[in-house]
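# Commentary on secondary and tertiary structure
The chain contents come next:
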Amino acid sequence: MTGPDTPASFKLAYVSGVTPSKWVRIWEERSPDVPLELVQTTAAEAAGLVREREVDAVLLRLPIDREGLHAIPLYTETTVVVVPKDHLVAAADEVSVDDIADEVVLHPLDDTLDWDAPPGKPALERPATTADAIELVAAGVGLLIVPQSLARLHHRRDLTYRPISGTPESGVALSWPDDETTDLMEQFIGIVRGRTVNSTRGRQAQEKQAPAKKAPVKGNRPQTGGRKPQPGNRRAPQGGKRGKPRRRG
């Protein structure tokens, strides 16, 4: 049921590896009466959810088709290569694409990096998902290049990862429809941008702001019946000069 007493809600989608928990916690502290609903989605479906108004906003990875969408870049992720723990790459602190030129590098269909194909030798088939590719790395079939958050998400004891240079980086952004920015959307934008509680209320804060108090109007001083005599210039009271009393005969 909905009605005037039913609180509004804010629905936020996010792709795998993106962790919105910090922003959700701040939302709950600042807007405890407005539920925030989380929806996990895939990279392929993320932009469509917000275009079709199934969610109010989405945390996704760039690049995307920005037609009809706002997108605020939030941060850039480190790109890593996932390898078995006994692989030679595991002995280095960081590697380059030249170091894995002779390796089979898996290219899942849900790859989030902006390239036509990864470096190295291609596998016979492309895994359907990043999770499937992780299983193949564990089986010794090949290596996998992903954003660091996905390597952490699919962590296994028999695998490790190292930063790799010479590859695209994944940028995470907040996206919502460009023809509608509601007060709740302004509230969430302020949270992800790190604004203080007094500056994240958007238009609501301006509408609810109390009018400034007017300065009291200064009135005229009450009349005292005459000007105050200047020091050293005392005047006799009106009605005549004061004289000596007459002697009566």
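Just above, that's the structure.
Computed from a predicted model, the values in this text were never measured in an experiment. (Residues numbered from 1 in each chain as written. Predicted model: local features only at pLDDT ≥ 70, side-chain atom pairs only at ≥ 80, totals over all residues. Heavy atoms only, no water.)

### Considerations on the overall build of the protein
Looking only at helices and strands, the protein has six helices and 11 strands in total. Out of the 249 residues in the protein, the part that is buried amounts to 36%. Within the protein, contacts between residues separated by at least 24 positions form 70% of all contacts whose residues are at least 6 apart in sequence. Approximately 17,200 Å² of the protein is accessible, and the part contributed by carbon and sulfur atoms is 48%. (Helix = DSSP H or I, 4+ residues; strand = E, 2+ residues; numbered from the N terminus. Buried < 20%, exposed > 50% of the residue type's maximum accessible area, 1.4 Å probe, protein only. Contact = heavy atoms within 4.5 Å. Areas by Shrake-Rupley, 256 points an atom, 1.4 Å probe, with all protein chains shown as cover.)

### Section: the sheet that holds strand β7 (residues 104–106)
To summarise the sheet geometry, strands pair through backbone hydrogen bonds and adopt either a parallel or an antiparallel arrangement. Here six strands make up an open sheet; going across it, the order is β6-β10-β5-β9-β7-β8 and the pairing mixed. Here the strands that pair on one side only, and so sit at the sheet edges, are β6 (95–96) and β8 (121–122). Where β7 lies against β8, two bridges are found, and the strand directions are parallel. By the bridge assignment, Val105 is partnered in β8 with Pro122. Those strands touched by helix α3 (residues 130–138) are β5 (79–84), β7, β9 (143–147) and β10 (159–165), and its axis lies near 140° from that of β9. (Pairing = 2+ DSSP bridges. Axes fitted to C-alpha atoms, helices over the stretch in contact; angles between N-to-C directions.)

### Brief notes about the sheet that holds strand β11 (residues 170–177)
An order of β2-β1-β3-β11-β4 is seen for the five strands of this open sheet, with the pairing classed as mixed. Here the strands that pair on one side only, and so sit at the sheet edges, are β2 (36–41) and β4 (69–77). Strand-to-strand twist in this sheet, taken as the mean axis angle between neighbours without regard to direction, amounts to 25°. In the sheet, β4 pairs with β11 via eight bridges, with the strands oriented antiparallel. Paired with Pro73 across the strands is Ala173, a residue of β11. Those strands touched by helix α1 (residues 21–30) are β1 (10–15), β2, β3 (57–62) and β4, and its axis lies near 165° from that of β2. Together, β1, β2, β3, β4 and β11 form the strand contacts of helix α5 (residues 183–192), whose direction differs from that of β11 by roughly 160°.

### Some words on the pattern of salt bridges
For side chains bearing opposite charge, pairing can occur when the charged atoms are close. Taken as a whole, this structure holds five salt bridges when the rule is applied. Of the charged contacts, one joins Arg53 and Asp179 as a salt bridge, the two residues approaching to 2.7 Å between their closest N and O atoms. On the criterion of sequence distance, the pair formed by Arg53 in the loop between α2 (46–51) and β3 and Asp179 in the loop between β11 and α5 is long-range, its members being 126 residues apart. Assessed through its relative accessible area of 42%, Arg53 is described here as partly exposed. Relative accessible area serves as the criterion here: at 58%, Asp179 is assigned to the exposed category. The partner of Glu77 in a salt bridge is Arg61, and the shortest N-O contact between them spans 3.0 Å. Placement of Glu77 in strand β4 and of Arg61 in strand β3 is noted, with a sequence separation of 16 residues between them. By the burial criterion, Glu77 is buried, and Arg61 matches it. Taken together, the salt bridges that share partners define one network made up of Glu135, Arg156 and Asp158. (Salt bridge = Lys/Arg side-chain N within 4 Å of Asp/Glu carboxyl O.)

### With respect to α3
Among all positions in α3, only Thr130, Ala133, Ile134 and Val137 are buried. Along the axis of α3, the buried positions cluster into a sector of 105°, meaning they face one direction only. If you follow the buried residues of α3, they end up packed against β5, β7, β9 and β10. Residue Gly140 follows α3 closely and has a positive phi angle near 85°. (Arc of directions from axis to C-beta.)

### A word on the side chain of Thr130
Relative to the assigned elements, Thr130 resides in helix α3. For Thr130, a relative accessible area of 6% corresponds to the buried category. Filtering out sequence-adjacent residues up to four positions away, Thr130 remains in contact with Pro108, Asp110, Leu144, Val146 and His154.

### So, unusual backbone geometry
The step from Leu62 to Pro63 runs through a cis peptide bond, and the omega angle for that step is 0°. By secondary structure assignment, the location of Pro63 is in the loop between β3 and β4. In this model, Arg53 sits at a positive phi of 65°, which is unusual for a non-glycine residue.

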